[in-house]
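# Summary of the model geometry
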Amino acid sequence: MEALDGNAIAGLLMEVFGAEMTTANSVCAGCGAQLQVAELAVYVEAPGTVARCRSCDSVTMVFVQVRETWCVDLQGLT
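Residues numbered from 1 in each chain as written. Predicted model: local features only at pLDDT ≥ 70, side-chain atom pairs only at ≥ 80, totals over all residues. Heavy atoms only, no water.

### What to know about the environment of Tyr43
Turning to its location among the elements, Tyr43 is positioned in strand β4 (residues 41-43). For the pair formed by Tyr43 and Ala3, sequence separation is 40 residues and the distance between their alpha carbons is 5.4 Å. The residues contacting Tyr43, other than those within four sequence positions of it, are Met1, Glu2, Ala3, Gly48, Thr49, Val50 and Arg52. (Helix = DSSP H or I, 4+ residues; strand = E, 2+ residues; numbered from the N terminus. Contact = heavy atoms within 4.5 Å.)

Have a look at this one:
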């Protein structure tokens, strides 16, 4: 599975957060790397959508849709 950049989930982020989020800064809970959301490695073909840190490959965000409701896990961010 090939990684996309965070721009691939711009529409999803807008739907979930109601704002443009690809330029937002993120800090990886695993290694402390500071990256814009657009710089994260994104996998859209996983069960749900997964964003990973490009520095250490830790999972930073997970999005899963269950019956028209988005479930979001941001535990990989600080």
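### Brief notes about the pairing of strand β6 (residues 59-66)
With 4 bridges joining them, strand β5 (residues 49-52) and β6 adopt antiparallel strand pairing. Residue pairing across strands places Arg52 opposite Val59, the latter belonging to β6. Bridge count for β6 against strand β7 (residues 69-73) is 5 bridges, and the pairing is antiparallel. Among the inter-strand pairings, Val62 is bridged to a residue of β7, identified as Asp73. The hairpin turn running from β6 into β7, its antiparallel successor, is 2 residues long, and Arg67 in that turn takes a positive phi close to 45°. (Pairing = 2+ DSSP bridges.)

### Structural notes on the side chain of Ser26
With respect to the helices and strands, Ser26 occurs in strand β2 (residues 25-27). Ser26 gets classed as buried once you look at its relative accessible area, which sits at 5%. Apart from residues lying up to four places away in sequence, Ser26 is in contact with Ala33, Gln34, Leu35, Gln36, Val37, Leu40 and Leu77. (Buried < 20%, exposed > 50% of the residue type's maximum accessible area, 1.4 Å probe, protein only.)

### Quick notes on the sheet that holds β4
In any sheet, the strands associate via hydrogen bonds between backbone groups, in a parallel or an antiparallel arrangement. Across the sheet, 5 strands lie side by side as β1-β4-β5-β6-β7; this open sheet has antiparallel pairing. Across the chains shown, the open sheet's two edge strands, defined by having one partner strand only, are β1 (4-5) and β7. Strand contacts of helix α1 (residues 10-17): β5, β6 and β7, with the helix running at about 100° to β7, the strand carrying the most contacts. (Axes fitted to C-alpha atoms, helices over the stretch in contact; angles between N-to-C directions.)

Keep in mind these values describe shape, not function.
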